[in-house]
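Remarks on the overall topology
For reference, the chains in residue letters:
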Amino acid sequence: MNDSTSIPAGYDTSDDHRSGFVAVIGRPNVGKSTLINGLLQEKINIVSPKPQTTRSRQLGILTTADFQIIFMDTPGLMQPRHKLDEFMVETAVESLNEADVVLWLVDGSEPVGPGDRAIAEMVQKVDETVAVVLAINKSDITPPEKVMPHTEAYRALAPEAAWIFFSAQTGNGRGELLDLIVQALPLGPRYYPADQITDIYLRDMAAEFIREQLLLHLRDEIPYGIAVQVEQFKERENGVTYIGANIFVERDNHKAIVIGHKGSQLRRVGAAARKELETLVEGKVFLELWVKVEPKWRRNEKALKRLGYSKPE
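Residues numbered from 1 in each chain as written. Predicted model: local features only at pLDDT ≥ 70, side-chain atom pairs only at ≥ 80, totals over all residues. Heavy atoms only, no water.

Some details on the layout of surface pockets
Here the largest pocket is characterised by a volume of approximately 790 Å³. Around the largest pocket, the lining comprises 33 residues; the ones closest to its centre are Ser 56, Arg 57, Ile 200, Asp 204 and Gly 308. Elements represented by at least two residues in the lining of the largest pocket include exactly β2 (58-63), α2 (83-98), α6 (202-217) and β7 (227-235). The biggest single contributor to the lining of the largest pocket is α6, with five residues. Residue composition of the lining of the largest pocket, grouped by class: 13 nonpolar, ten polar and ten charged. Among the elements that line the lining of the second largest pocket, the one with the most residues is helix α1 (residues 32-40), at three residues. Partitioned by chemical class, the residues of the lining of the second largest pocket number seven nonpolar, 14 polar and four charged. (1 Å grid on protein atoms, 1.4 Å probe; cavity = no way out; pocket = protein on both sides within 12 Å on 5 of 7 lines; lining within 4 Å. Points joined across faces, edges and corners; volume = space filled by probe spheres on them. Helix = DSSP H or I, 4+ residues; strand = E, 2+ residues; numbered from the N terminus. Nonpolar A, V, L, I, M, F, W, Y, C, P; charged D, E, K, R; others polar.)

Looking at the pairing of strand β1 (residues 18-25)
On any regular strand, side chains alternate: one points to one face of the sheet, the next to the other face. β1 sits mainly inside the fold: six of its eight residues count as buried. Bridge count between β1 and strand β3 (residues 67-73): seven bridges; the pairing is parallel. Within the sheet, the bridge partner assigned to Arg 18 lies in β3 and is Phe 67. As paired elements, β1 and strand β4 (residues 101-107) share four bridges and run parallel to each other. In the sheet register, Ile 25 faces β4, and the bridge partner there is Trp 104. (Buried < 20%, exposed > 50% of the residue type's maximum accessible area, 1.4 Å probe, protein only. Pairing = 2+ DSSP bridges.)

Focus on the sheet that holds β7
Sheet architecture is open: three strands sit in the order β7-β8-β9, paired in mixed fashion. At either margin of the open sheet sits one strand with a lone partner, and together these are β7 and β9 (285-293). Within the sheet, the average angular offset between the axes of one strand and its neighbour, ignoring direction, is 15°. Here strand β8 (residues 241-249) pairs with β9 via nine bridges, running parallel. From the neighbouring strand, Ile 247 faces β9, where its bridge partner is Val 291. Contacts from helix α7 (residues 252-259) reach β8 and β9, with the element oriented near 155° to β9. Contacting β7, β8 and β9, helix α8 (residues 264-281) runs over the sheet at an angle of about 135° to β9. (Axes fitted to C-alpha atoms, helices over the stretch in contact; angles between N-to-C directions. Contact = heavy atoms within 4.5 Å.)

Details of unusual backbone geometry
Backbone geometry places Lys 138, a non-glycine residue, at a positive phi of 70°. Along the chain, Lys 138 falls in the loop between β5 (131-137) and α4 (144-157). When its relative accessible area of 22% is taken as the criterion, Lys 138 is described as partly exposed. Backbone geometry at Glu 282 places phi at a positive 60°, although glycine is not the residue there. Among the structural elements, Glu 282 can be located in the loop between α8 and β9.

Examining the side chain of Gln 68
Following the sequence through the fold, Gln 68 ends up in strand β3. Here Thr 63 takes part through its side chain, which lies 2.9 Å from a polar atom of the side chain of Gln 68. One polar contact links the side chain of Gln 68 to the main-chain amide nitrogen of Tyr 191, over a distance of 2.7 Å. Those residues within four positions of Gln 68 in sequence are excluded, and the remaining contacts are His 17, Arg 18, Ser 19, Gly 20, Ile 61, Leu 62, Thr 63, Leu 185, Arg 190, Tyr 191, Tyr 192 and Pro 193. (Polar contact = N/O pair within 3.5 Å; in protein donor to acceptor, adjacent residues only side chain to side chain.)

Section: helix α5 (residues 174-184)
Every buried residue belonging to α5 is among Arg 174, Leu 177, Leu 178, Ile 181 and Val 182, and all of these are buried. Down the axis, α5 shows its buried residues gathered within 140° of arc, on one side only. (Arc of directions from axis to C-beta.)

Observations regarding the sheet that holds β2
Spatial strand order, β2-β3-β1-β4-β5-β6: six strands in an open sheet with mixed pairing. With partners counted over all chains shown, the strands left at the sheet margins are β2 and β6 (162-166), one partner each. Strand-to-strand twist of the sheet, defined as the mean angle between neighbouring strand axes without regard to direction, takes the value 25°. The sheet contacts of α2 involve β1, β3 and β4, and relative to β1 the element is tilted by about 150°.

Pasting the structure below:
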C-alpha cells in the first residue's frame, strides 16, 4: 500500500496540484500491468507471460501531496476474433477518448509490427490537447545492435511524443517515466481519496487472482477460453474469509484438463490462488472452486454480460 500518511484524507489540494487520467495502451504482453503494479507498489493487476491477461479496464490510483494519477490499465490491442475480443478492444479505445495523457508502451526488444502501426493510427486521432508519452520497455534485454534501429522505428510512429527507455520488470527508469507523466498532467483536483488505489471490488479482484493462477498453470490453448466468477465472498465468525468461485471453460476436455488427474491440477491452482488471496484480504482464506462448461461463452453476448464483460447499459 502506498504511504499516504502525510497526505490529507480529503480532496483539498494546492493550486499547483496536478491530476488526470492516463490511458496505458499497447500490444498484448508489453508490460502494462507490471508497470502499474510497480508504480503503485501494490499488486492490483494480474500478470502472466500470456497475452490478453488483462480483459477489462481497471483503475490504478497513485496519490501524493503534489499529484494524483489515475492509470487506466487496458487490454492489449489486437485484431478481434470474437465478441470478447471486441469488448476488450472497445474498452481500450474508449480509454483513449477519456484520457488526459496517453502512455503508449512498446516492446523495444521487438521490431515495429502491424499491431504497433495500428495503435499509432489510433494515437494520432486523439485530441491534440492530450499528451502522449512513448515508453520503450525491454530495451535492456535487446541486442545492442538492434536498440537504435528499433527505437528510431518506434519514435517515427509518434514523433511528437515524449519518450523514454524503462524496464517494467526491473523498475529501471520507472522513476524518470513517472516524472514525464506528472509533467504531462494538467492542473487539477484530487478525484479519489488519498488511500484509494483502485476502483475494483475485492470479490472482482479475487476472481482475477484465481484466473491469474489458471493462466500460469495451464496449457497455452486453454486460458483464453476461461472465465472466473466469484459466487460467495464473506468473512466467517472465525475470521476466515470464505470464497467460492466458478471456473467456466468452453469444452468438456478443457474441464478435464483444469481439474487434472484425480483433481491434482485444480488443487495446485487453488493452493497458489489461496496464497495470493490471503495477501489480498490480509487474513486466512478458505477457497472452493468448481469447474463448469459454458460452450462458446466468448461468442455469446448473454454469457459475456453475466460474466462481467459488457458495457453498462
